[in-house]
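Residues per chain, in single letters:
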Amino acid sequence: MRLPEDELAALEAGGLRRHLRRIESGQGPVVTMDGRRFHNFSSNDYLGLASHPTLTEAFAGALRKHGAGAGASRLICGTLGAHLDFEEKLAAFKRSEAALTFSSGYAAAVGTLSALTGKEDVVILDKLCHASLIDGARLGGATLRVFPHNDLDKLASHLRWAENRVDPARGRVLVVTESVFSMDGDRAPLAEIVALKEARDAWLMVDEAHAFGVIGPRGGGLAAELGLENRIELRMGTLSKAAGLSGGYLCASRATVDLLVNRARGFIYSTAPPPALAEAAGVALDLIAGAEGDARRAALWRNVDAFANSAGVEAASAIVPILLGSNEAALAAAESLNAAGFLAPAIRYPTVPRGGARLRVTLSAAHDPDAVEALAAAIQALG
Ligand SMILES: *Cc1c(COP(=O)(O)O)cnc(C)c1O
């Protein structure tokens, strides 16, 4: 029998073994680990809301009001007023007919894709789509096609192929992409993708995990920035990045949301998130959409631009990859930044393609601009 010890040894030999590290402090721009302080350039807390006093106070107050757990799944007796209030508020903010929340972005992606696509259907994914989108598409059982990252010609040819294969009376063709890619930080050409899928009567699902709160008017995301909200059938995202909490969401038509309530297994067979979390998410949304959000986005983009300038790289989002190629080079770079007091993770296969190992630097509004400059200098010094 194959032993886990042997599999771990193989990972170790390939420079692919990963370990959990214990952070002693709370989440923030500076964290402590093994008694040492580090400037943290590895979290997705883009606006610094995870430790924002307004949000943490609201969360504490909501806990006192609602108690700790939801007690059951949403369809049994776990749908509390706080869940519905937040979903309504989120739908209005995202200019969507309806919204549905899940316990994580991962669950939202897997639940949505596996419920809405099956044997009759074709799902066409960008090569760099997040694991949650790939897993959901696989679980659904549709025929899958993958196009090279942001390659519109290949997407168009997959769409032509799918049009002949799918019976429009019974099946569905769904294109899946992200608005900001999680490991590259670049953006999808959403307007062009929308035009292509409309020409072929296909649907589009966009994962806004890294754009929600960060890009677009009031942080509404890339679809909002481009005015495409009502031309994208499925807009998903997470409350665990810029919103500083946890949970996932899908914005879609009322009928689609109602269907997911009946079909999405990760929604149906899982206990509802704590109602206090839903209430806190409403407060996070107020912060994101208001003057505080505007000020934090301005600070975030100042940090992004300063870092990109000083490190001599391009940045289209709060995620800035420093490509290094080999696992060893990426690990050595992360190690040397560590020694200099910075946390910036080495990202390796299978999170990125083989040969595409990198440092993934994420900026936040909460970073001290001096620390941002110091990190850029430390990266330049890596050579
Ligand atoms: C983080 C992420 C998710 C998952 O969201 P969680 O709330 O962390 O489960 C989904 N898609 C993308 C692109 C992500 O980066």
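Up top is the structure.
Now for a description of the structure that goes with this document. (Residues numbered from 1 in each chain as written. Predicted model: local features only at pLDDT ≥ 70, side-chain atom pairs only at ≥ 80, totals over all residues. Heavy atoms only, no water.)

## Quick word on the layout of surface pockets
- Approximately 1,100 Å³ is the volume attributed to the largest pocket.
- In terms of lining residues, the largest pocket is bounded by 37 residues, among which H19, R21, P345, A346 and R348 are the most central.
- When contributions to the lining of the largest pocket are tallied by element, the ones reaching two or more residues are strand 1 (30-33), helix 14 (327-339) and strand 12 (346-347).
- For the lining of the largest pocket, the element with the highest residue contribution is helix 14, accounting for four residues.
- Taken together, the residues of the lining of the largest pocket break down into 15 nonpolar, 13 polar and nine charged. (1 Å grid on protein atoms, 1.4 Å probe; cavity = no way out; pocket = protein on both sides within 12 Å on 5 of 7 lines; lining within 4 Å. Points joined across faces, edges and corners; volume = space filled by probe spheres on them. Helix = DSSP H or I, 4+ residues; strand = E, 2+ residues; numbered from the N terminus. Nonpolar A, V, L, I, M, F, W, Y, C, P; charged D, E, K, R; others polar.)

## Section: the sheet that holds strand 7 (residues 203-207)
- As summarised here, the arrangement of the seven strands in space is 3-9-8-7-6-4-5, forming an open sheet in which the pairing is mixed. The sheet is open, and its two borders are formed by strand 3 (98-102) and strand 5 (143-147), each paired with just one other strand. With direction set aside, neighbouring strand axes in the sheet form an average angle of 20°.
- Two elements, strand 7 and strand 8 (residues 234-238), share three bridges in a ladder whose sense is parallel. (Pairing = 2+ DSSP bridges. Axes fitted to C-alpha atoms, helices over the stretch in contact; angles between N-to-C directions.)

## Here we look at the site of the ligand
- Lining the immediate surroundings of the ligand are 14 residues, of which D207, H210, T238, S240 and K241 lie closest.
- Backbone polar atom of G105 to an oxygen atom of the ligand: 2.8 Å apart, as the coordinates give it.
- Here an oxygen atom of the ligand sits 2.9 Å away from a polar atom, N or O, in the main chain of Y106.
- In terms of residue class, the shell around the ligand is made up of two nonpolar, nine polar and three charged. (Near = heavy atom within 4 Å. Polar contact = N/O pair within 3.5 Å; in protein donor to acceptor, adjacent residues only side chain to side chain.)

## Quick word on the sheet that holds strand 11 (residues 342-343)
- Strand order in this open sheet of three strands is 1-2-11, and the pairing throughout is mixed. The open sheet has two edge strands with one neighbour each: strand 1 and strand 11.
- Relative to strand 11, strand 2 (residues 36-40) runs parallel, the two being bridged by two bridges. Counted as the bridge partner of N40 is L343 from strand 11.

## Quick word on helix 6 (residues 131-140)
- By the burial criterion, the buried members of helix 6 are S132, L133, G136, A137 and G140. Considered in projection along helix 6, the buried side chains sweep an arc of 130° and stay on one side of the axis. Across from the buried face of helix 6, at angles greater than 90 degrees, the exposed residues are R138 and L139.
- On its buried face, helix 6 is in contact with helix 5 (105-116), strand 4 (122-126), strand 5, strand 6 (173-178), strand 7 and strand 8.
- Immediately downstream of helix 6, the backbone of G141 shows phi near 90°, a positive value. (Buried < 20%, exposed > 50% of the residue type's maximum accessible area, 1.4 Å probe, protein only. Arc of directions from axis to C-beta. Contact = heavy atoms within 4.5 Å.)

## Concerning the side chain of T101
- Here T101 shows up in strand 3.
- Of the polar contacts made by the side chain of T101, one reaches the side chain of E87; its length is 2.7 Å.
- Setting aside anything within four residues of it in sequence, one finds T101 in contact with R74, F86, E87, G248, Y249 and F267.

## Looking at the state of the cysteines
- Within this structure, the stated rule accounts for zero disulfides.
- Free of any disulfide, C129 has its nearest cysteine sulfur in C251, 18 Å distant. (Disulfide = S-S within 2.5 Å.)

## Remarks on helix 14
- Along its 13 residues, helix 14 runs 18 Å from first to last C-alpha, staying within 8% of the 18 Å computed at 1.5 Å per residue.
- Residues of helix 14 that are buried include every one of N327, A330, A333, A334, L337 and N338, and no others. Down the axis of helix 14, the buried side of the element spans an arc of 140°, and every buried residue falls inside it. Turned more than 90 degrees away from the buried face of helix 14, the exposed residues are E328, E335 and A339. (Expected span 1.5 Å × (residues − 1).)

## A closer look at the pattern of salt bridges
- Going through the model one piece at a time under the given rule, you end up with 17 salt bridges.
- Among the salt bridges present, the one from R187 reaches E225, with a minimum N-O distance of 3.3 Å. With R187 in the loop between strand 6 and helix 8 (190-199) and E225 in helix 9 (residues 222-225), the pair connects residues that are 38 residues apart, well separated along the chain.
- A relative accessible area of 28% means that R187 is categorised as partly exposed.
- Put simply, D258 and R254 hold a salt bridge, and the shortest N to O gap is 3.2 Å. Remark: R254 and D258 occur in helix 10 (residues 254-263); sequence separation between them is four residues, near one turn of the helix. (Salt bridge = Lys/Arg side-chain N within 4 Å of Asp/Glu carboxyl O.)

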